[in-house]
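In case you want the letters, here they are:
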Amino acid sequence: MRLLARFRKLEPVSIYHKIGGHEAIEAVVEDFYVRVLADDQLASFFTGTNMSRLKGKQVEFFAAALGGPEPYMGAPMKQVHQGRGITMHHFSLVAGHLGNALTAAGVPSQTVTEILMGIAPLAADIASGDTAAKV
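Draft legend 1. Molecular detail of the overall build of the protein. Of the regular secondary structure elements, the protein holds eight helices and zero strands. The order of helices and strands in the protein, counted from the N terminus, is α-α-α-α-α-α-α-α. Sorting the 135 residues of the protein into buried and exposed places 33% on the buried side. A total accessible area of about 8600 Å² is found for the protein, and carbon and sulfur atoms account for 57% of it.

Draft legend 2. Region of interest: the packing of aromatic side chains. The final tally for this structure, using the stated rule, is four aromatic pairs. Seen from their ring centres, Phe32 and Tyr33 are 4.7 Å apart, and the 65° between their planes marks the pair as edge-to-face. Each member of the pair, Phe32 together with Tyr33, is buried.

Draft legend 3. Geometry of the nonpolar core. Counting 32 residues, the largest nonpolar core has Ile25, Tyr33, Phe62, Leu66, Leu98 and Leu102 as the members making the most contacts within it. Elements represented by at least two residues in this core include exactly α2 (15-18), α3 (21-37), α4 (51-65), α6 (88-104), α7 (109-119) and α8 (123-126). Per-element accounting of this core gives the leading share, six residues, to α3. The residues contacting Ile25, other than those within four sequence positions of it, are Tyr16, Ile19, Val59, Phe62, Ala63 and Leu66.

Draft legend 4. Summary view of the side chain of Gln58. You can see Gln58 is positioned in helix α4. Sequence-distant contacts of Gln58, that is, excluding residues within four places in its chain, are made with Val29 and Tyr33.

Conventions and cut-offs
Residues numbered from 1 in each chain as written. Predicted model: local features only at pLDDT ≥ 70, side-chain atom pairs only at ≥ 80, totals over all residues. Heavy atoms only, no water. Helix = DSSP H or I, 4+ residues; strand = E, 2+ residues; numbered from the N terminus. Buried < 20%, exposed > 50% of the residue type's maximum accessible area, 1.4 Å probe, protein only. Areas by Shrake-Rupley, 256 points an atom, 1.4 Å probe, with all protein chains shown as cover. Phe/Tyr/Trp six-rings, centres within 6.5 Å; stacked < 30°, edge-to-face > 60°. Core = buried A, V, L, I, M, F, W, Y, C linked by side-chain atoms within 4.5 Å. Contact = heavy atoms within 4.5 Å.

Laid out in structure tokens, this is it:
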């Protein structure tokens, strides 16, 4: 009976661990930015950006958001994205690229959906109310 009590106390496995931890997130982020930077509607947002630093922050953010062991220590999403002209259209494109990068990394579709649903609320802090695409 004691053995069963121990198993009942186990915490559920985080998405972070389910998808392979830090190394898996690094691979997904690398592929994600290849996709984003190849998208003509998104690439201009990253002109002059230190991509190594951005990728590092993105890995840190996703790791924390998916239940990893370290907290995200970057600036708030609203502060980082404010005034950049990011619309819901752009947010949707980015989410699509993230979903495709996760799928390409072998993340099960149900987990991809769970991750995308988890980031959806960030739209309010990242995108402006304008839905027109940036020209």
